[in-house]
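Each chain, letter by letter, is given below.
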Amino acid sequence: MTGIIIAFPKTEVGEKIRAILVRNGFHVVGICTTGAQVIQETNELDDGIVICAYHLPDMMYRELNEYLPAEFQMVTITSREDWASNGDPDVISLSLPLQAHELLSTMEMVLYNVRRARKSRKGRPQTRSPEEQAIIEQAKGILMSRNNMTENEAHRYLQKTSMDNGTSFTETAQMILAMLDT
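Every value quoted in this text rests on a predicted model; they were computed, and no experiment measured them.

### Concerning the pattern of salt bridges
For side chains of opposite charge, pairing can occur when their charged atoms come near one another. Tallied over the entire structure, the rule returns five salt bridges. One salt bridge connects Lys160 with Asp164, and the closest N-O pair in it is separated by 2.7 Å. Placement of both Lys160 and Asp164 in helix α7 (residues 151-165) is noted, with a separation of four residues, approximately one turn of the helix. Among the ionic contacts, a cluster of salt bridges with common partners joins Glu137, Lys140 and Glu151.

### Remarks on the sheet that holds strand β5 (residues 92-95)
On the basis of which strands lie adjacent, the open sheet formed by five strands has the order β2-β1-β3-β4-β5 and parallel pairing. Both edges of this open sheet fall to β2 (28-32) and β5, since each of them pairs with a single strand only. Sheet twist, expressed as the mean angle between neighbouring strand axes with direction ignored, is 20°. Two elements, strand β3 (residues 48-53) and strand β4 (residues 72-78), share six bridges in a ladder whose sense is parallel. The residue of β4 that forms the bridge with Ala53 is Ile77. The strands touched by helix α1 (residues 11-23) are β1 (3-7), β2, β3 and β4; relative to β2, the strand with the most contacts, the crossing angle is about 165°.

### Quick look at the nonpolar core
Among the nonpolar cores identified, the biggest contains 36 residues, and Leu21, Ile49, Ile51, Leu64 and Met107 are the most heavily contacted of them. Among the elements of the structure, β1, α1, β2, β3, α3 (61-67), β4 and α5 (100-123) are those that each provide at least two residues to this core. Top element by residues in this core is α5. It accounts for six residues. When sequence neighbours within four positions are dropped, the list of residues in contact with Ile49 reads Thr2, Gly3, Ile4, Ile5, Phe72, Gln73, Val75, Met107, Val110, Leu111 and Val114.

### Observations concerning unusual backbone geometry
Cis geometry marks the peptide bond from Leu96 to Pro97, where omega comes out at -5°. If you trace the backbone, Pro97 turns up in the loop between β5 and α5. With a phi angle near 55°, Asn148 is a residue other than glycine that sits in the positive phi range. Structurally, Asn148 is set in the loop between α6 (130-147) and α7. A relative accessible area of 68% places Asn148 in the exposed class.

Criteria and cut-off values
Residues numbered from 1 in each chain as written. Predicted model: local features only at pLDDT ≥ 70, side-chain atom pairs only at ≥ 80, totals over all residues. Heavy atoms only, no water. Salt bridge = Lys/Arg side-chain N within 4 Å of Asp/Glu carboxyl O. Helix = DSSP H or I, 4+ residues; strand = E, 2+ residues; numbered from the N terminus. Pairing = 2+ DSSP bridges. Axes fitted to C-alpha atoms, helices over the stretch in contact; angles between N-to-C directions. Contact = heavy atoms within 4.5 Å. Core = buried A, V, L, I, M, F, W, Y, C linked by side-chain atoms within 4.5 Å. Buried < 20%, exposed > 50% of the residue type's maximum accessible area, 1.4 Å probe, protein only.

So this is what it looks like as structure tokens:
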């Protein structure tokens, strides 16, 4: 479930926004009063959304956005005048006075984007370090020489063994090296 962090200098404002969101099925992780607290909260989540004021006691929204992990989206609530003079095109803004239906429809859109990005990250192939790749190639080499396998057969054997044992591809290669290298 995607967590939402609310950050406003006044806790009461954050509580009102949280009440609207929770009533409509959103998962609010916490309410913060400073940017530092937001950053601390984001360290405990894989991804999420930060709803914040234009100004926080320790930083402005733009600085906070720079500190957020890439997996987080930001929604800033501010006056039209502040946004017109210092708005950031990479951040979504809602104007004051805040309308509940605008907040909810914006949150639906941002939540959709966060979920889509999460699916995209999970679908990417895992990259291996050169050391891990060397271990895998060494294990394939041993399987090929000792068991008369082709490279494809050795690769499939590592893959199947990895899946059967519930271990990573690299861990399986290390186990094979340990067993066959002795």
